[in-house]
Amino acid sequence: MKNIIIKLILLIIIIFTPYLQGQSLAVEQKIDSLLLKMTLDEKIGQLVQSVGIKENTIEDIRSGKIGSILGIKSADEVSKFQKIAIEESRLKIPLIFANDVIHGFSTTFPIPLAEASSWNPELVKKSASIAAYEAASEGTKWNYAPMVDISRDPRWGRIMEGSGEDPYLGSVMAIARIEGFQGDDFSHPSKVVATAKHFVAYGAAEAGRDYNSVDISERRLREIYLPPFLSAVNSEVGSIMSAFNDINGIPASANKFILTEILRDEWKFKGTVITDYNSVGELVYHGFAKDKKEAALKGLTAGIDIDMVGDTIDGDVYSPHLKELLEDNLIDISSIDKAVRNVLRMKFNAGLFEKPYVDSTYFVENNISQDAKNKIALQMAKESIVLLKNDNNLLPLNKKTKKIAVIGSMAENEYDQLGAWTCKPNYKNGISALEGIRELAKEGTEVLFARGFDPRSNDKSGFEEALSVISQANVAVVFAGENWELSGEAASRTDINLPGVQLEFIKRAQELETPIIVVLMNGRPLTINWSSQNIPAILEAWYLGDMSGKAIASVLFGEYNPSGKLPITFPRSVGQIPIYYNAKSTGRPAREDVKWSSKYLDSPNTPLYPFGFGLSYTQFKYSNFSVNTSSNSISDSIIVTVDVTNIGKYAGEEVVQLYIQDLFASVTRPIKELKSFKKIKIDVGKTETIKFIVTPSMLSFYGIDMKKIIEPGEFKIFVGGNSTDLLSESIILN
Ligand code: GLC
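Comments concerning the sheet that holds strand β17 (residues 638-646)
Link 1 in the chain: Overall, antiparallel pairing links the three strands, which are arranged β16-β17-β20 in an open sheet. The open sheet terminates on both sides in strands that have one partner only, identified here as β16 (620-628) and β20 (687-694). Pairwise comparison of adjacent strand axes, ignoring direction, gives a mean angle of 20 degrees for this sheet.
Link 2 in the chain: Taken together, the eight bridges between β17 and β20 define a ladder with antiparallel strand orientation. The residue of β20 that forms the bridge with Ile638 is Val694.

Structural notes on the site of the ligand
Link 1 in the chain: Taken together, Leu70, Asp100, Tyr144, Arg158, Lys197, His198, Met241, Phe244, Asp276, Tyr277, Met308 and Glu489 make up all the residues around the ligand.
Link 2 in the chain: Contacts to the ligand include Asp100, whose side-chain N or O atom sits 2.5 Å from an oxygen atom.
Link 3 in the chain: Relative to its free-state accessible area of 310 Å², the ligand is covered by the protein chains to the extent of 92%.
Link 4 in the chain: Residue classes in the shell around the ligand are distributed as six nonpolar, one polar and five charged.

Here we look at the pattern of salt bridges
Link 1 in the chain: Under the criterion given, the structure shown has 41 salt bridges.
Link 2 in the chain: Taken together, the shared-partner salt bridges in this structure form one network comprising Asp100, Arg158, Glu161, Lys197 and Glu489.

Let's talk about the packing of helix α7 (residues 167-182) against helix α9 (residues 227-234)
Link 1 in the chain: Look at α7 against α9: their axes get within 8 Å of each other, and the N-to-C directions meet at 30 degrees. Taken together, the axis directions place α7 and α9 in an arrangement best described as roughly parallel. As α7 runs across α9, the sense of the crossing is right-handed. Facing α7, whose interface residues are Pro167, Gly170, Ser171, Ala174, Ile175 and Ile178, α9 presents Pro227, Pro228, Ser231 and Ala232.

Description of the environment of Met241
Link 1 in the chain: Inspection of the secondary structure puts Met241 in strand β6 (residues 239-242).
Link 2 in the chain: According to the relative accessible area criterion, Met241 is buried, its value standing at 2%.
Link 3 in the chain: Here the alpha-carbon distance between Met241 and Leu95, two residues 146 residues apart in the chain, equals 18 Å.
Link 4 in the chain: Apart from residues no more than four positions distant in its own chain, Met241 is found in contact with Tyr144, Thr195, Ala196, Lys197, His198, Phe199, Ile274, Thr275, Asp276 and Met308.

Section: helix α14 (residues 333-349)
Link 1 in the chain: The terminal C-alpha atoms of α14 lie 24 Å apart, and with 17 residues this matches the ideal 24 Å at 1.5 Å per residue to within 8%.
Link 2 in the chain: Among the residues of α14, those classed as buried are Ile336, Asp337, Ala339, Val340, Asn342, Val343, Leu344, Arg345, Met346, Lys347 and Phe348.
Link 3 in the chain: Where α14 starts, the residue carrying a side-chain oxygen 2.6 Å from the main-chain nitrogen of Ser334 turns out to be Asp332.
Link 4 in the chain: Count one or two residues on from α14 and you reach Gly351, which has phi positive near 80 degrees.

Brief notes about the sheet that holds strand β12 (residues 446-450)
Hydrogen bonding along the main chain pairs the strands of a sheet, whether they run parallel or antiparallel.
Link 1 in the chain: Strands sit in the order β10-β15-β14-β13-β11-β12 across an open sheet of six strands; the sheet is mixed. The open sheet has two free edges, formed respectively by β10 (386-390) and β12, since each of these has just one partner strand. Going across the sheet, the axis of each strand differs from the next one's by a mean of 20 degrees, ignoring polarity.
Link 2 in the chain: Both strand β14 (residues 516-521) and strand β15 (residues 537-540) contribute to a ladder of four bridges, which runs parallel.

Structural notes on the packing of aromatic side chains
Link 1 in the chain: Taken as a whole, this structure holds 20 aromatic pairs when the rule is applied.
Link 2 in the chain: Arranged with centres 5.3 Å apart and planes meeting at 75 degrees, the rings of Trp142 and Tyr144 form a pair that is edge-to-face. Neither residue differs from the other here; Trp142 and Tyr144 are each classed as buried.
Link 3 in the chain: One aromatic cluster in this structure is built from Trp119, Tyr168, Tyr581, Phe611, Tyr659 and Phe677.
Link 4 in the chain: The ring of Phe288 has Lys298 sitting right over it, with the charged end atom 4.0 Å from the ring centre.

Some details on helix α19 (residues 502-510)
Link 1 in the chain: All of the buried residues in α19 are Gln502, Phe505, Ile506 and Ala509. One face of α19 carries all of its buried residues, which in axial projection span an arc of 100 degrees.
Link 2 in the chain: On its buried face, α19 sits against β11 (403-407), α18 (463-472), β13 (475-481), β14 and α20 (529-534).

Observations regarding the layout of surface pockets
Link 1 in the chain: For the largest pocket, the calculated volume is near 1200 Å³.
Link 2 in the chain: Among the elements of the structure, α1 (2-37), α7, α9 and α14 are those that each provide at least two residues to the lining of the largest pocket.
Link 3 in the chain: Counting residues per element, the lining of the largest pocket draws most heavily on α1, which supplies eight residues.
Link 4 in the chain: Residues that form the lining of the largest pocket fall into these classes: eleven nonpolar, 14 polar and twelve charged.

Some words on the domain arrangement of the protein
Link 1 in the chain: Split by domain assignment, the protein resolves into domain 1 (372-576) and domain 2 (620-733).
Link 2 in the chain: Every contact between the two is made by six residues of domain 1 and, on the other side, nine residues of domain 2.
Link 3 in the chain: With both chains or domains summed, domain 1 and domain 2 bury close to 610 Å², and 41% of this area falls on carbon and sulfur atoms.
Link 4 in the chain: Three residues stand out in domain 1 for area buried against domain 2, namely Asn561, Ser563 and Lys565, and they jointly supply 66% of the buried area on that side.

Some remarks on the environment of Asp185
Link 1 in the chain: Assignment of secondary structure puts Asp185 in the loop between α7 and β5 (195-199).
Link 2 in the chain: Along the backbone, Asp185 and Ile639 are 454 residues apart, and their C-alpha atoms lie at a distance of 35 Å.
Link 3 in the chain: A polar contact is formed between the side chain of Asp185 and the side chain of Ser187, at a distance of 2.7 Å.

A short note on a nonpolar patch on the surface
Link 1 in the chain: On the surface, Tyr415, Tyr427 and Trp484 cluster together into a nonpolar patch covering about 270 Å² of accessible area.
Link 2 in the chain: Along the chain, Tyr415 turns up in the loop between β11 and α17 (433-440).
Link 3 in the chain: Owing to a relative accessible area of 34%, Tyr415 belongs among the partly exposed residues under this scheme.

About the cut-offs
For every chain, the first residue of the written sequence is number 1, and numbering continues from 1 along that sequence. Confidence filtering applies because this is a predicted model: local features only for residues at pLDDT of at least 70, side-chain atom pairs given and counted only at 80 or more, and all residues used for totals across whole chains, interfaces and linings. Where side-chain values are given, they derive from all heavy atoms of the structure, hydrogens and water being excluded. Strands pair, by our definition, only if DSSP identifies at least two bridges between them. Here a helix means four or more residues in a row that DSSP labels H or I, a strand means two or more in a row labelled E, and each is numbered from the N terminus. All axes here are fitted lines through C-alpha atoms, helices being fitted over the stretch that makes contact, and every angle between N-to-C directions spans 0 to 180 degrees. We call a residue near a molecule or strand whenever a single non-hydrogen atom of that residue lies within 4 Å of it. Polar contact is defined as a pair of N or O atoms within 3.5 Å, subject to the rule that within protein one atom must be able to donate a hydrogen and the other to accept it, and that residues adjacent in sequence are counted only when both atoms are side-chain atoms. Per-residue accessibility takes into account occlusion by the displayed protein chains alone, with areas from the Shrake-Rupley method and a 1.4 Å probe. Throughout this entry, Asp, Glu, Lys and Arg are counted as charged residues, while Ala, Val, Leu, Ile, Met, Phe, Trp, Tyr, Cys and Pro are counted as nonpolar. The remaining residues, Gly among them, count as polar. Salt bridge, as used here, is a side-chain nitrogen of Lys or Arg placed within 4 Å of a carboxyl oxygen of Asp or Glu. Small angles under 35 degrees read as roughly parallel and large ones over 145 as roughly antiparallel, with 65 to 115 read as roughly perpendicular and the rest as oblique. Note on convention: the crossing is left-handed when the near helix lies turned anticlockwise from the far helix by less than a right angle, right-handed when the turn is clockwise. Contacts between residues were defined by any pair of non-hydrogen atoms, one from each residue, lying within 4.5 Å. Each residue's exposure class comes from its accessible area (1.4 Å probe, protein chains only) as a fraction of the maximum for that residue type: buried when under 20%, exposed when over 50%, partly exposed otherwise. Multiplying one less than the number of residues by 1.5 Å gives the expected span of a helix. Geometry of aromatic contacts follows a simple scheme: Phe, Tyr and Trp rings, the Trp one being its six-membered ring, pair when their centres are within 6.5 Å, and the pair is stacked under 30 degrees between planes, edge-to-face over 60, tilted otherwise. A ring is considered to have a charge above it if a Lys NZ or an Arg CZ atom is located within 6 Å of its centre and within 35 degrees of its normal. Taking the helix axis as origin, the arc is that swept by the directions to the C-beta atoms. The pocket and cavity definitions rest on a 1 Å grid over protein atoms only: a 1.4 Å probe that fits but cannot leave marks a cavity, an open set with protein on both sides within 12 Å along at least five of seven lines marks a pocket, and residues lining either have an atom within 4 Å of a point. Grid points are joined across faces, edges and corners, and a volume is the space filled by probe spheres set on the points. Here the bounds of each domain stem from an automatic or database domain assignment. Take the accessible area each of two parts loses on contact, using a 1.4 Å probe, and add the two losses: that sum is the buried area. Residues forming no salt bridge and having over 30% relative accessible area are the ones grouped into patches, like charges within 9 Å of each other and nonpolar side chains (Val, Leu, Ile, Met, Phe, Trp, Tyr) within 5 Å.

Structure representation (structure tokens):
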């Protein structure tokens, strides 16, 4: 039977390969014939993007001087400008319309860092799919997402936009989002071209200061920052966006090593490379180009196809300078043709030549109701919540609670819960946490509210009223964190404590008899040391989007048992940064009893909350952990099994994580690396046996010569519900 299936699969491959090859061959032939007709201005036009509509945009479209437009968010407007390109330009090359649909188009989903906390890639894919559906229905065909930057520095505001510190989890989330955005074929009416950004190592900005320099070894580049981009390319992402930062002295947007040698030559990427906003022009500010003309030369030569947008001050870079460079014989027409080919290929593959307008019939016939979207957004929000602390099982709230106090401006307003990087938000689609709690509270439960404080101000005038409300209640839920403007782009912080007077209020509240629950709404890990020691229950709720209020209430009342796990380490202090779980051992691993070991005088090395950490209302026991290999050969797979039993009072989901350690190798290796995980629901009293297969490639690493290798030796295999409380077994592989 097995042979028959194998033969059948081979037959299908033989039959379909020519068709698929034929498909791509046909596109290349169409590009060839189009290129032959294009003037130099029309070719350069495909490499220029307009941000919004300026006074000369319509004329530029008509004369083929722009190939894409960023920032138009309605199908009618898109059609208006597309019509000019299709009907009034000489060659009728369609425009492609782009937007940043980072976590939802009009239905706002949790921020990506929150979605990563779900460790549920299938759900994240659904979230991205709905974002694509809504964006495509309004004419957006090119999405500048997913942001796949790894970061180990919570001072950096854009950490909210990625999937945290781990390359494996980051890769899994990158794939899920690209599959959600693009589907199997991004020419489908409800799909968009995805963009993996920001290539590369933008999250390694020194001091966590946005746009700052990056100086890291090729080893760290390949082990930590490149993997999610490689996963994106292997998932056939349609485009890559180059980063603002310089890497080891060469700006990413003029860095031939990453843009050509790695991306094109090593990874065989066939998509389009676009810069981030004006980052070719910024080569001058980097001191890497003496003027915009040299910047254009260096950008194109390194492998930039589209200059996203010229300086809003002194204009575009490619449009005025590429022609000069050609006339001065500093570039060859072939380098322009190569870039134009990449752009035209994206447009052909996006189906824009056949269907340049929104297929409105499709969206009528395949309408997804707002309720259906909200259902997925609500599940996404619930699974993104991380329970950090729950002393004496204070949570879930007792349904018979007579009076619940809800405190904090973020519990009441409809904008903070959406976070940064909203696209075309519909503030009426969601409800606040206060409304969510009121909706779920049982008959006879009174929900009191007082603003108390606002993270945006140091005003304490609301303290007394709020403290009085708390003292009247049986339990208080205090919403603290960061107002949404404190995270996202150009939002780095040197101090990642709760801003303003929030902690002062929490300390005052804690002195009262009423038990306090803190719900955090924030875009980065926060150094909440005092609260961690003194507040009995803490929920990390990030910014959960439209369904935030319902999701937080559902978890508070125990309708949903929290299952989130941290995708990023919470430091005790800024002084520990960068702090991350997959660190090296060093030659002097920290030891309590040894002064001369790698540790601090004023802080433990351990984080406040580790990567992969998250509690549940129930408890899970791990047992019968076994690690088996048939031959102890490095070329064979290892079978890992473990039993997980729900020994508590609530059904719940556990994220069973698998880590490995290569104890001795030809280069130093991390003390552990996440290599797989499984999220599983387990009913009370039940046991599930979880099985992992550790393949040889999961044990591979970049050797001295930066080539992937696997070395025999001793390995440790770990399993557990976070990156520190783990069962482990050693194994020798020859
Ligand atoms: C911004 C961001 C980038 C975004 C682009 C267009 O500066 O860095 O992520 O896609 O500009 O909005």
